[in-house]
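So you can see what is in the structure, the chains are spelled out below.
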Amino acid sequence: MKISLEFQPAERVDAEALIVPVFEGRPETRFGAASLAGEVTGKALEMTLLHHVSGVSAARVLLAGAGKPEKFTASEQRSLASAAIRHLKAKSVARVALALDPAFAAPEFAQAAVEGAILGDFDPDTYKTGEKKKAVESFTVVVTAHDESLDRAIERGRIVAEAQNYTRALVNEPANKLTPSGVAAAARQVAAEYGLECQVLDREEMAALGMRALLGVAQGSAEPPALVTLRYQPSGAPSGVHLGLVGKGVTFDSGGISIKPGDGMEKMKYDMAGGASAIGAMRAIAQLKPAIAVTAFIPCVENMPGGRAQRPGDIVAAMSGKTIEVINTDAEGRLILADALSYARSRGCTHLVDVATLTGAIVIALGHLRAGLFSSDDGLRDRVLSASRSAGERMWPMPLDEDYKDYLKSAFADLSNVGGRWGGAVTAAIFLKEFAEDTPWAHIDIAGTAWLDDEKPHLAKGPTGLPVRTLVRLALDWEA
Ligand code: BES
Ligand code: ZN
Ligand code: ZN
């Protein structure tokens, strides 16, 4: 989608459709809305399409409900643009403009409008062979007062949203098309295209490093595992900060020998959403160039039952030296992340943020609206939370009290990989903390937020691409 900024009265913009936000309780006089008074309420995401409005060059005006002005933030702007684009895309409108409301024309609103437009244009239809919805060709943000910071804002919005859509497409790939080697190939391609360093460790290299927790998960699959590293190292980066993004990359989670029920198992192709978010974030970071060094680590495996598969009761020694009793082979994410966290530490990361579709329990706790955020470090937690707020991706802080560790006691090893029935999202996080050790660490459980079961007016069904925007923001806003 071609993105541009125009500085002129919205009436004169040349487009097939002009999106105009209409607020609740604020009588709209522009663009014929007044004549529809009563019918156009301005309720959030209400869409009214008008044709041939007099005095307007665009062939159509889409009055887009913006809700109450006092509640209108960049998040509402993003959803509005997204829902409007989806509305127009269904009618094959190709050239679209959006008039920023003069009261909401700060750069963050321009950025959010662009993000919304690009995110709204995404449909997970790669494998449909029939008629597909045509992508929107161009999106123009129209403002009445020009300012250079707006140019930067729309560019930033484009880069971030394209990265998020990249992540969504990767997450949506079925497990027969995207194997661990496939994730590695995707990372290599991103590295080549945007100028990052990429390294991929194979099974033997991981064995030499002692990553038995990761390899134990991989051993039931015919697909070889891979540990992907993507590195962004700006010149003049402060030497005291090296952010590590660690993303769970299970390309399919059958549960292994502790096999999952068949109902809904097809969704477990999205168990690599954390890894795909890390790659997507690096794609944007390479272009937006934050001041600090950032490296992504993506442990990639397929969790399958098979003659060589790991069994419940197996005991493995992780790279850190700690031994783990594998009580449930379906709690595999924490096993591969344990070794990836140790590896990230060994590569000099000073701060770690992992992202994982880790537990069903976080979905019980927070539903599908907020990701769970756990952290061993108050400063890092605040940075992540503040980035998530600015990015409009909701999270909620979760506890990590020391004595939850008792839930992970094993009679035969240092740790059990499961903590029993209660507090499953917390015990999973406590398990990871054992491997982050004394490095400031945060963990984002996205099991409930990485996938949308039913489409929304502003979002297609399927992968959401969360939390790409937060990760990018975290790196950009870091003042070392
Ligand atoms: N990938 C799943 C978690 C998950 C569940 C993601 C639902 C998305 C939606 C993870 O590997 C898993 O199976 N976790 C188990 C842990 C349990 C065995 C302790 C779970 O949450 O049931
Ligand atoms: Zn599992
Ligand atoms: Zn899993």
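First, a word on scope: everything that follows refers to the structure included in this document.

Here is what the cut-offs are and how they apply
- Residues numbered from 1 in each chain as written.
- Chains lettered and ligands numbered in written order.
- Predicted model: local features only at pLDDT ≥ 70, side-chain atom pairs only at ≥ 80, totals over all residues.
- Heavy atoms only, no water.
- Near = heavy atom within 4 Å.
- Polar contact = N/O pair within 3.5 Å; in protein donor to acceptor, adjacent residues only side chain to side chain.
- Areas by Shrake-Rupley, 256 points an atom, 1.4 Å probe, with all protein chains shown as cover.
- 1 Å grid on protein atoms, 1.4 Å probe; cavity = no way out; pocket = protein on both sides within 12 Å on 5 of 7 lines; lining within 4 Å.
- Sits in = over half its atoms within 2 Å of the grid points.
- Nonpolar A, V, L, I, M, F, W, Y, C, P; charged D, E, K, R; others polar.
- Pairing = 2+ DSSP bridges.
- Helix = DSSP H or I, 4+ residues; strand = E, 2+ residues; numbered from the N terminus.
- Axes fitted to C-alpha atoms, helices over the stretch in contact; angles between N-to-C directions.
- Contact = heavy atoms within 4.5 Å.
- Points joined across faces, edges and corners; volume = space filled by probe spheres on them.

Let's shift gears to the site of ligand 1. Around ligand 1 sit 16 residues in total, of which K260, D271, D330, E332 and G360 are the nearest. The side chain of K248 places a nitrogen or oxygen atom 3.2 Å from an oxygen atom of ligand 1. Contact between ligand 1 and G360: an oxygen atom at 2.7 Å from a main-chain N or O atom of the residue. Surface burial for ligand 1 is 77%, taken as the share of its 510 Å² of free accessible area covered by protein chains. Counting atoms within 2 Å of the grid points, the majority share of ligand 1 lands in the second largest pocket. A class-by-class count of the residues in the shell around ligand 1 yields five nonpolar, four polar and seven charged.

For the rest of this paragraph, the subject is the sheet that holds strand β4 (residues 60-67). Strand order in the open sheet formed by six strands is β1-β6-β5-β2-β4-β3, with mixed pairing between adjacent strands. Every interior strand has two partners, whereas the edge strands, β1 (2-7) and β3 (47-51), have only one. On average, each strand axis in the sheet is tilted by 25 degrees relative to the strand beside it, whichever way the strands run. Along the sheet face, helix α3 (residues 148-172) touches β1 and β6 (138-143) and points at about 160 degrees away from the line of β1.

Let us look at empty space enclosed by the protein. As enumerated under the stated definition, the model contains one cavity of 30 Å³ or more in all. Approximately 40 Å³ is the volume found for the largest cavity. As for the largest cavity, its lining consists of G216, V217, G220, G256, I257, N303, M304, A309, Q310 and T329. Per-class residue counts for the lining of the largest cavity are four nonpolar, six polar and no charged.

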